[in-house]
Amino acid sequence: IVAQSNGGRVVLVEVKKTQVKTGPTLIADFWEKVEVYQRQHPEAIVLPAFLSLGGFTEEALQFCEEQGIGWATQIEHY
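What counts, and where the lines are drawn
- Residues numbered from 1 in each chain as written.
- Predicted model: local features only at pLDDT ≥ 70, side-chain atom pairs only at ≥ 80, totals over all residues.
- Heavy atoms only, no water.
- Pairing = 2+ DSSP bridges.
- Helix = DSSP H or I, 4+ residues; strand = E, 2+ residues; numbered from the N terminus.
- Axes fitted to C-alpha atoms, helices over the stretch in contact; angles between N-to-C directions.
- Phe/Tyr/Trp six-rings, centres within 6.5 Å; stacked < 30°, edge-to-face > 60°.
- Buried < 20%, exposed > 50% of the residue type's maximum accessible area, 1.4 Å probe, protein only.

(A) The sheet that holds strand β3 (residues 45–52), seen in detail. Across the sheet, which stays open at both edges, the four strands sit in the order β1-β2-β3-β4 with mixed pairing between neighbours. A single partner strand is all that each edge strand has here, and the edge strands are β1 (2–4) and β4 (70–72). When the angles between neighbouring strand axes are averaged without regard to direction, this sheet yields 20°. Pairing analysis gives three bridges linking β1 to strand β2 (residues 9–16), with the strands arranged antiparallel. Following the sheet pairing, Val2 is matched in β2 by Leu12.

(B) Representation of the environment of Ala72 in the model. Here Ala72 shows up in strand β4. Separated by 22 residues in sequence, Ala72 and Phe50 place their C-alpha atoms 6.4 Å apart.

(C) Spatial organisation of the packing of aromatic side chains. Summed over all chains, the structure comprises three aromatic pairs. Consider the rings of Phe30 and Phe50, whose centres lie 5.6 Å apart with planes at 80°: the pair is edge-to-face. You can see Phe30 sitting in helix α1 (residues 24–40) and its partner Phe50 sitting in strand β3, a full 20 residues away along the chain. For the pair shown, Phe30 and Phe50 are each scored as buried. With centroids separated by 5.8 Å and ring planes inclined at 70°, the aromatic side chains of Phe56 and Trp71 adopt a geometry described as edge-to-face.

What follows is the structure, encoded as structure tokens:
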């Protein structure tokens, strides 16, 4: 998912709707996509996030923390 604002910010979200916990390999693959987007749009302020309904492994969460990737395990409705 790509969501842009008028202020130059772009939210990039990867969504996985599996029952299995997301591991570091999927997070690293997403991070590569984020880096490509940033190279293609150097003026954008990119805010990456990952939604995994099956949860995350500890290693995946650590990778998210190290790279500044937001994460969620459920869809919130307001």
